[in-house]
Amino acid sequence: GINAEYMGTVFNRIIELSVSDQTLNIMPSCRSIFIQLLSIVGLGLALYALYVEHKVYSGTEDFVALCDIGPKASCSKVLTSESSHLFFDIPNALLGAIFYVACFFYPILTFIPLRKYLFVAATLFSSGLSVYLATVLYSMGDFCILCVSTYVVNFFLFFTSLSELSARGKPSKKKQY
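Residues numbered from 1 in each chain as written. Predicted model: local features only at pLDDT ≥ 70, side-chain atom pairs only at ≥ 80, totals over all residues. Heavy atoms only, no water.

**Student:** Talk me through the packing of helix α2 (residues 30-57) against helix α4 (residues 92-105); I want residue IDs and the actual numbers.
**Tutor:** The N-to-C vectors of α2 and α4 enclose an angle of 160°; their axes lie 8 Å apart at closest approach. Looking at the two axes, α2 sits roughly antiparallel to α4. The handedness of the crossing between α2 and α4 is left-handed. Each of I35, Q36, S39, I40, G42, L43, A46, L47, A49 and L50 in α2 lies in contact with α4, whose residues at this interface are A93, L94, G96, A97, Y100, V101, C103 and F104. For the contact of α2 with α4, the per-class residue count stands at 14 nonpolar, four polar and no charged. (Axes fitted to C-alpha atoms, helices over the stretch in contact; angles between N-to-C directions. Helix = DSSP H or I, 4+ residues; strand = E, 2+ residues; numbered from the N terminus. Parallel < 35°, antiparallel > 145°, perpendicular 65-115°, else oblique. Left-handed = near helix turned anticlockwise from the far one by under 90°. Contact = heavy atoms within 4.5 Å. Nonpolar A, V, L, I, M, F, W, Y, C, P; charged D, E, K, R; others polar.)

**Student:** Can you explain the side chain of T123? Please cite residues and give values.
**Tutor:** Looking at where T123 falls in the secondary structure, it is placed in helix α5 (residues 115-140). We classify T123 as buried; its relative accessible area is 0%. Each residue touching T123, except ones within four places of it in the same chain, is listed here: F99, L157, F158 and S161. (Buried < 20%, exposed > 50% of the residue type's maximum accessible area, 1.4 Å probe, protein only.)

**Student:** So what's going on with α2? Residues and values would help.
**Tutor:** The terminal C-alpha atoms of α2 lie 40 Å apart, and with 28 residues this matches the ideal 40 Å at 1.5 Å per residue to within 8%. Taken together, the buried positions of α2 are occupied by S32, I35, Q36, L38, S39, G42, L45, A46, A49, V52 and E53. Downstream of α2 by one or two residues, G59 has phi in the positive range, about 80°. (Expected span 1.5 Å × (residues − 1).)

**Student:** Which residues make up the pattern of salt bridges, and what values go with them?
**Tutor:** Two side chains that carry opposite charge are able to pair once their charged atoms sit near each other. In the structure shown here, the tally under the stated rule is two salt bridges. Between E164 and R31 there is a salt bridge, with the nearest N and O atoms lying 3.3 Å from each other. Pair noted here: E164 is in helix α6 (residues 145-169) and R31 is in helix α2, with a separation of 133 residues, a long-range link. (Salt bridge = Lys/Arg side-chain N within 4 Å of Asp/Glu carboxyl O.)

**Student:** Quick rundown of the environment of S32? Include the residues and the values.
**Tutor:** You can see S32 is positioned in helix α2. C-alpha separation for the pair S32 and S161, spaced 129 residues apart in sequence, amounts to 10.0 Å.

**Student:** So what about a nonpolar patch on the surface? Which residues, and what values?
**Tutor:** A cluster of nonpolar side chains, contributed by F87, F88, L94, L95, I98 and F125, occupies part of the molecular surface with about 620 Å² of accessible area. Here the nonpolar patch takes three residues from α4, the largest share from any one element. Along the polypeptide, L95 turns up in helix α4. (Patch = residues over 30% accessible without salt bridge, like charges linked within 9 Å, V, L, I, M, F, W, Y side chains within 5 Å. Areas by Shrake-Rupley, 256 points an atom, 1.4 Å probe, with all protein chains shown as cover.)

**Student:** Explain unusual backbone geometry residue by residue, including any values.
**Tutor:** Of all residues except glycine, most have a negative phi; of all peptide bonds, most are trans. Phi at D89 takes a positive value of approximately 60°, unusual for a residue other than glycine. Within the secondary structure layout, D89 lies in the loop between α3 (75-79) and α4. Judged by its relative accessible area of 63%, D89 is exposed. Positive phi outside glycine occurs at L114, with the angle close to 55°. Of note, L114 is situated in the loop between α4 and α5. Classification of L114 by relative accessible area gives exposed; the value is 61%.

And the structure:
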């Protein structure tokens, strides 16, 4: 008959090969799924911010944004402030939407050289920008739940990028046969 210990060894070897970097890994990692979920949430927030900005600038009088929850908690006021267009008069929300689309594709575009370092740099930049915008928001004396939500997404993406970098940089601890 077949030796149970031998079958256990074969089974363990199959598992090791299926998760090695040398084989095609079809199943995405939990980290990749988390990055893509954060990207979808961030994209949704950015698109809603663009929608709010558009509605306010178009002069729709009866429009009340879902994130306008009080006189000192108005995302409409914040999203139409001077600080909502930091780079070349492009809405921050549009740049954010582009950023979140790029983050969504990060786990898929594995052929890009040094992509994990680019991902860390991009998420570090977005987190730094979030800190800056949070200080601007504080100085305005306003609270924007939409803005704060994007800051949270950006920080989670940054910490996930660091986790991705440290996980990919460690040498494999596989048994040699």
